[in-house]
There are 2 protein chains.
Amino acid sequence: MTKLPTSLQKLINELGKLPGIGPKTAQRLAFYLFRQDKIDLDNLAQTVAKVKDGIVFCSVCHNMGEFDPCATCKDDRRDHSLVCVVEEPLDAQAIDKSGQFNGVFHVLGGVLNPLEGIGPENLEVQSLLDRIASVGTGLDLSLPENGQRVKEVIIATNPSLEGETTAMHLSKVIRSANSTIKITRIARGLPMGGDLEYADDITLMRAMEGRRDY
Amino acid sequence: MTKLPTSLQKLINELGKLPGIGPKTAQRLAFYLFRQDKIDLDNLAQTVAKVKDGIVFCSVCHNMGEFDPCATCKDDRRDHSLVCVVEEPLDAQAIDKSGQFNGVFHVLGGVLNPLEGIGPENLEVQSLLDRIASVGTGLDLSLPENGQRVKEVIIATNPSLEGETTAMHLSKVIRSANSTIKITRIARGLPMGGDLEYADDITLMRAMEGRRDY
């Protein structure tokens, strides 16, 4: 049996550990990398090793960034009374990219998952309640959100079982802490380009529930 | 617009250069890596940087390996009179894995591609002809292929336009150098688990041409 050289086999094994990379893709990627110049390999290796360098978590929204507070929390052109709660930094990124949202974020750092032992105390739930309760963050009086109360919390956790559970829990604790604040949930329905015929029952049910006047 | 931290964005860009990795996958992988421990990142980085280390090309079959001549060319349980010509090392690996081939390989290092300026002189064609012409490699008299003439050349380039052109060219030059050697081409037809209804015309044509008595 022809055996692959050790260094190549090791890279295939390492790449195969990445999410969504199967054995065949790992092999293809490893051979591709093998054919690259040493300088490009070193460059990629350095970038991998340094990915955590210089990244801090914002003490206001708990998103990742290069400064604390992050650029979004310091931006006074944004509406700091509108807080969008998301699971992960990528979700904030996705919503921001859509260009339709001009508020600020609050990154939970995950979802409630009793099976994996993840409760509200493992997520940024208390800091969200503190943020809603306070006038601004109290961290730095020059921050734009100071003096601006949170008026609306948009819960934008994923439409998964855990995401929905987390959304329900959040709405409950926010409501019990503040009876006047507006709490909304992003719409669930048919995605653009989707097909009624192939939509699952829950999506269809949500789409019907969420129908609006036309 | 929320901007991703520089180190993360750089990793997304680097990963996005890999074949088959789109922008979304690059982002997902970069975030996954970001969440890994520093020690795992360093490990992956080292493996990437060192992938070329200790790999040599076999002077007999031009496959990659850790020794020259490679383990396959030195294996005396193999039939050195049967040479399978493939495009790339991965192809040799795939054929070997199937377990049905007990001969040796000859890795061309690509296919003829006039548009990209790749002619026979850029591939291991002359070395194949030399290998067929000589009795053994002449490199080392202790090698098992010494004293054993090549009796059959199986051309196993891919069933692509370039692969077929290369196969045609090889059969022509081998024939003109040696009029008695057996030259074969791997069968092209319907893949296992394939469906006649969805097969393309050329595959069907090849499958009909290649039919055998049952």
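Residues numbered from 1 in each chain as written. Chains lettered and ligands numbered in written order. Predicted model: local features only at pLDDT ≥ 70, side-chain atom pairs only at ≥ 80, totals over all residues. Heavy atoms only, no water.

At an RMSD of 0.1 Å, chain B and chain A line up after a rotation of 179° and a shift of 0.0 Å along the axis. When the rotation and shift are considered jointly, the pair of chain copies conforms to a two-fold rotation axis. It is alanine 45 of chain B whose C-alpha, among those of chain B, lies nearest the rotation axis, at 2.1 Å. Residue by residue, 100% of the interface of chain B is reproduced at the interface of chain A, so both copies engage with the same surface. (Least-squares fit on C-alpha atoms with pLDDT ≥ 70 in both. Contact = heavy atoms within 4.5 Å.)

Moving on, we come to the packing of aromatic side chains. Counting across every chain of the model gives four aromatic pairs over all chains. Measuring from centroid to centroid gives 6.3 Å for phenylalanine 34 of chain A and phenylalanine 57 of chain B, while their planes differ by 50°, and the two rings are tilted. Linking phenylalanine 34 of chain A in helix α2 (residues 23-34) with phenylalanine 57 of chain B in strand β1 (residues 56-57), this pair reaches from one chain into another. Directly above the aromatic system of phenylalanine 34 of chain A lies the positively charged group of lysine 52 of chain B, at a separation of 5.5 Å from the ring centroid. (Phe/Tyr/Trp six-rings, centres within 6.5 Å; stacked < 30°, edge-to-face > 60°. Helix = DSSP H or I, 4+ residues; strand = E, 2+ residues; numbered from the N terminus. Lys NZ or Arg CZ within 6 Å of the ring centre and 35° of its normal.)

All right, on to the domain arrangement of chain A then. Examined at the domain level, chain A breaks down into domain 1 (6-49) and domain 2 (72-185). Just the C-alpha atoms count here: the centres of domain 1 of chain A and domain 2 of chain A sit 38 Å apart. (Domains from an automatic or database assignment.)

Okay, the interface of chain B and chain A next. Of the residues lining the interface, 54 residues belong to chain B; the matching set on chain A comes to 54 residues. Between chain B and chain A lies a buried interface of about 5,200 Å² when both sides are counted; carbon and sulfur atoms form 67% of it. For the pair chain B and chain A, the number of links is zero salt bridges. The interface formed by chain B and chain A contains 14 residue pairs in polar contact (both at pLDDT 80 or more). Those elements that provide at least two residues to the side of chain B that touches chain A are α1 (6-16), α2 (23-34), α3 (38-49), β2 (64-65) and α5 (89-98) of chain B. The element contributing the most residues to the side of chain B that touches chain A is α3 of chain B, with nine residues. Along the lines of polarity and charge, the residues of the side of chain B that touches chain A split into 26 nonpolar, 12 polar and 16 charged. (Buried area = accessible area lost by both parts, 1.4 Å probe. Salt bridge = Lys/Arg side-chain N within 4 Å of Asp/Glu carboxyl O. Polar contact = N/O pair within 3.5 Å; in protein donor to acceptor, adjacent residues only side chain to side chain. Nonpolar A, V, L, I, M, F, W, Y, C, P; charged D, E, K, R; others polar.)

The next thing to look at is the environment of valine 111 of chain A. Structurally, the position occupied by valine 111 of chain A is in the loop between β4 (104-107) and α6 (126-133). Excluding residues within four positions of it along the chain, valine 111 of chain A makes contact with Glu87, Ile118, Leu123, Glu162, Gly163 and Thr166 of chain A.

This part covers the sheet that holds strand β5 (residues 152-155) of chain B. Residue and element names in this part refer to chain B. With parallel pairing, the four strands of this open sheet are ordered in space as β4-β3-β5-β6. Edge positions in the sheet fall to β4 (104-107) and β6 (182-185), since each of these pairs with one other strand and no more. Looking at each pair of strands side by side, their axes are set apart by 25° on average, direction ignored. Summarising the sheet, strand β3 (residues 82-86) and β5 pair through four bridges and their orientation is parallel. (Pairing = 2+ DSSP bridges. Axes fitted to C-alpha atoms, helices over the stretch in contact; angles between N-to-C directions.)

Residues and elements named next belong to chain A. Two numbers describe how helix α1 (residues 6-16) lies on α2: the axes approach to 8 Å, and their chain directions differ by 130°. Viewed along their axes, α1 and α2 adopt a mutual orientation that is oblique. As for the relative orientation of α1 and α2, their crossing is right-handed in sense. For the pair formed by α1 and α2, the contact residues are Leu8, Leu11, Ile12, Leu15 and Gly16 on the first element and Ala26, Gln27, Leu29, Ala30, Phe31, Leu33 and Phe34 on the second. Grouping the amino acids of the contact of α1 with α2 by side-chain chemistry returns 10 nonpolar, two polar and no charged. (Parallel < 35°, antiparallel > 145°, perpendicular 65-115°, else oblique. Left-handed = near helix turned anticlockwise from the far one by under 90°.)

All right, on to the sheet that holds strand β3 (residues 82-86) of chain A then. Residue and element names in this part refer to chain A. Across the sheet, four strands lie side by side as β4-β3-β5-β6; this open sheet has parallel pairing. The open sheet terminates on both sides in strands that have one partner only, identified here as β4 and β6 (182-185). Here the average twist between neighbouring strands, direction ignored, is 25°. Sheet topology note: the β3/β4 ladder contains four bridges and is parallel. Bridge pairing in β4 links valine 86 to valine 107.

What follows deals with the nonpolar core. Counting residues in hydrophobic clusters, the biggest one holds 42 residues, and the most contacted among them are Leu8 and Leu15 of chain A together with Leu8 and Leu15 of chain B. Sorting the residues of this core by element identifies α1, α2 and α3 (38-49) of chain A together with α1, α2 and α3 of chain B as the ones contributing at least two each. In contact with leucine 8 of chain A, other than residues within four places in its own chain, are Ala30, Phe31 and Phe34 of chain A together with Val51, Ile55 and Met64 of chain B. (Core = buried A, V, L, I, M, F, W, Y, C linked by side-chain atoms within 4.5 Å. Buried < 20%, exposed > 50% of the residue type's maximum accessible area, 1.4 Å probe, protein only.)

On to the side chain of arginine 131 of chain A. Residue and element names in this part refer to chain A. Relative to the helices and strands, arginine 131 resides in helix α6. You can call arginine 131 buried: its relative accessible area is 10%. A distance of 2.6 Å separates a polar side-chain atom of arginine 131 from the backbone oxygen of phenylalanine 105.

A word on the pattern of salt bridges. Pairing between side chains of opposite charge can happen when the charged atoms of each approach one another. According to the stated counting rule, one finds 16 salt bridges over all chains in the structure shown. Its salt-bridge partner being aspartate 75 of chain B, residue arginine 77 of chain B comes within 3.3 Å of it at the nearest N-O pair. Arginine 77 of chain B gets classed as exposed once you look at its relative accessible area, which sits at 67%. Among the ionic pairs, arginine 188 of chain B bridges to glutamate 164 of chain B, the shortest N-O distance being 2.7 Å. One end of the pair, arginine 188 of chain B, is in the loop between β6 and α8 (201-209); the other, glutamate 164 of chain B, is in helix α7 (residues 161-177), and 24 residues separate them in sequence. It is possible to trace a salt-bridge network through shared partners that takes in Asp75, Arg77, Arg78 and Asp96 of chain A.

The next thing to look at is the state of the cysteines. Residues and elements named next belong to chain A. Evaluated as defined, the whole model comprises zero disulfides over all chains. Counting only cysteine sulfurs, cysteine 61 is the nearest neighbor of cysteine 73, a cysteine outside any disulfide, at a range of 3.7 Å. With no disulfide of its own, cysteine 84 has cysteine 61 as its nearest cysteine by sulfur position, at a separation of 11 Å. Exposure remark for cysteine 84: the relative accessible area of 2% places this residue in the buried category. (Disulfide = S-S within 2.5 Å.)

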